[in-house]
Amino acid sequence: MIVLKSEKEIVAIRKSSRIVAQVLADLRNLVEPGITTRDLDAFAEKKAKEMGAVPAFKGYRGYPASLCTSVNEEIIHGIPSSRKLQEGDILGLDFGVLCDGYFGDAAVTYPVGEVGLEASRLIEAAEKAFFKGLEKVKEGNRISDISQAIQNSVEAQGFSVIRAFVGHGIGISLHEEPQVPNFGPPGRGPKMKKGLVLAIEPMIAAGDWNVEIKDDHWTAITKDKSLSAHYEHTVALTQQGAEILSIREEEDLSYAKESPYA
Ligand code: CO
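Residues numbered from 1 in each chain as written. Predicted model: local features only at pLDDT ≥ 70, side-chain atom pairs only at ≥ 80, totals over all residues. Heavy atoms only, no water.

Asker: I tried to follow the overall build of the chain on my own but got confused; where do I start?
Answerer: A count of helices and strands for the chain gives four helices and 15 strands. Computed over its C-alpha atoms, the radius of gyration of the chain comes to 17 Å, within 12% of the 18 Å expected for a compact globule of 262 residues. For the chain, the C-alpha atoms occupy an extent of roughly 45 × 40 × 35 Å along the three principal directions. In the chain, buried positions account for 55% of the 262 residues. Taking all contacts inside the chain whose residues are at least 6 apart in sequence as the whole, residues at least 24 apart take part in 70%. Accessible surface computed for the chain: about 11300 Å², of which carbon and sulfur atoms make up 49%. Side-chain charges in the chain split into 30 positive and 38 negative, and the spacing between the mean points of these groups amounts to 5 Å. (Helix = DSSP H or I, 4+ residues; strand = E, 2+ residues; numbered from the N terminus. Rg over C-alpha atoms; globule rule 2.2 N^0.38 Å. Buried < 20%, exposed > 50% of the residue type's maximum accessible area, 1.4 Å probe, protein only. Contact = heavy atoms within 4.5 Å. Areas by Shrake-Rupley, 256 points an atom, 1.4 Å probe, with all protein chains shown as cover. Lys, Arg positive; Asp, Glu negative; His and termini not counted. Charge placed at Lys NZ, Arg CZ, Asp CG, Glu CD.)

Structure representation (structure tokens):
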């Protein structure tokens, strides 16, 4: 069952999402060669708590940290550790919080120092695919219209879409219906209505889309060890159209000029 949200509920999800946005924006300045992913996790947890929110991932199905830190061929759910970031790595950061009873969830992939051409193209492709999907968030469109727009965008850039993980509804639970796949034919799934709130999250790979789970039972990696990037926002369909609730100030808004960010 899809639970549509009232204006008041969207206010609460916006609050959580903005805390997530602030944490991810601050983390960008810390992402440098030599820092450990555990340091980043500690920062995210502390900052979220200071802002009055509860980190959403810690303890979720037994996940051991507040932040997901996925390096290079790691797609999602990388567990923070003593691993030091190195120049040329790419780092996926996924963060979620709970505040006033509602969740916010977002992810981004940052370069560590100077990265290679394939890495920077991959990071941009994940972001671009998100915005292509966002363009389909309109009343009357169907969920898989988002999926197809993402897949087309990613494949047009020569990359592949991870199939094993999907975006999701979000609200009083971190994961609600509907599922939002990042691939597939258009015109399928439920019709979008005002009050729909989704976490749209393309996960893409430079090589093949097959996935393997590491021995830690969490970290998903590409089977061919090719680079992977992740980009996610919590998005609401409101009276005025699609709004990115977890938008960061630094972001290039040119893909979504018509959306209100207020
Ligand atoms: Co998510």
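After that view, the rundown keeps rolling.
Asker: Quick question: what am I supposed to make of the side chain of Glu-45 here?
Answerer: Summarising the element assignment, Glu-45 is placed in helix α2 (residues 37-50). Here Lys-49 takes part through its side chain, which lies 2.8 Å from a polar atom of the side chain of Glu-45. Look past the residues within four positions of Glu-45 in its chain and what remains in contact with it is Pro-55, Lys-58 and Ser-66. (Polar contact = N/O pair within 3.5 Å; in protein donor to acceptor, adjacent residues only side chain to side chain.)

Asker: So what exactly am I meant to see when it comes to the side chain of Ser-228 here?
Answerer: Here Ser-228 lies in strand β13 (residues 228-230). Classification of Ser-228 as buried rests on a relative accessible area of 3%. Here the side chain of Ser-228 touches Ile-204 through a polar contact of 2.9 Å, landing on its backbone oxygen. Dropping the residues within four chain positions of it, Ser-228 is found in contact with Asn-72, Glu-73, Glu-74, Ile-75, Ile-90, Leu-122, Ile-204, Ala-205 and Thr-222.

Asker: Looking at this structure, I do not really get helix α4 (residues 143-156). What am I missing?
Answerer: Each full turn of the α-helix corresponds to 3.6 residues, which orients residues three or four apart in the same direction. Between its first and last C-alpha atoms α4 spans 21 Å; for 14 residues at 1.5 Å apiece the expected length is 20 Å, and the two agree. Among the 14 residues of α4, ten are classified as buried, and the element is accordingly described as predominantly covered. Listing the buried residues of α4 in full gives Ile-143, Ser-144, Asp-145, Ile-146, Ser-147, Ala-149, Ile-150, Gln-151, Ser-153 and Val-154. Positive phi shows up at Gly-158, right after α4, with a value of about 85 degrees. (Expected span 1.5 Å × (residues − 1).)

Asker: How do you make sense of the packing of helix α3 (residues 117-134) against α4 when you look at a structure like this?
Answerer: Axis angle and axis distance: for two packed helices, these are the angle between their axes and the distance between the axes, and together they describe the pair. Viewed as axis vectors pointing N to C, α3 and α4 meet at an angle of 145 degrees, and their least axial separation amounts to 8 Å. Remark: the crossing between α3 and α4 carries right-handed chirality. Contacts between α3 and α4 involve Lys-128, Ala-129, Lys-132 and Gly-133 from the former and Ile-146, Ala-149, Ile-150, Ser-153 and Val-154 from the latter. Across the contact of α3 with α4, the residue classes tally to five nonpolar, two polar and two charged. (Axes fitted to C-alpha atoms, helices over the stretch in contact; angles between N-to-C directions. Left-handed = near helix turned anticlockwise from the far one by under 90°. Nonpolar A, V, L, I, M, F, W, Y, C, P; charged D, E, K, R; others polar.)

Asker: Please explain the packing of aromatic side chains as it appears in this structure.
Answerer: The relation between two aromatic rings is expressed through the spacing of the ring centres and the mutual angle of the planes. Counted according to the given criterion, the structure contains four aromatic pairs. Ring centres 5.6 Å apart and planes at 50 degrees place the aromatic pair Phe-130 and Tyr-231 in the tilted group. With a gap of 101 residues between them, Phe-130 in helix α3 and Tyr-231 in the loop between β13 and β14 (233-238) connect regions that are remote in the sequence. Using a relative accessible area of 0% as the deciding quantity, one classes Phe-130 as buried. (Phe/Tyr/Trp six-rings, centres within 6.5 Å; stacked < 30°, edge-to-face > 60°.)

Asker: Whenever I open this one, the sheet that holds strand β12 (residues 220-222) confuses me. Can you help?
Answerer: Paired through backbone hydrogen bonds, the strands of a sheet run either parallel or antiparallel to each other. The three strands are arranged β3-β12-β11 in an open sheet whose pairing can be described as antiparallel. Both edges of this open sheet fall to β3 (74-76) and β11 (211-213), since each of them pairs with a single strand only. Across this sheet, the average inter-strand angle for adjacent strands is 40 degrees, counted without regard to direction. Summarising the sheet, β11 and β12 pair through three bridges and their orientation is antiparallel. For Val-211, the partnering residue across the bridge sits in β12 and is Thr-222. (Pairing = 2+ DSSP bridges.)

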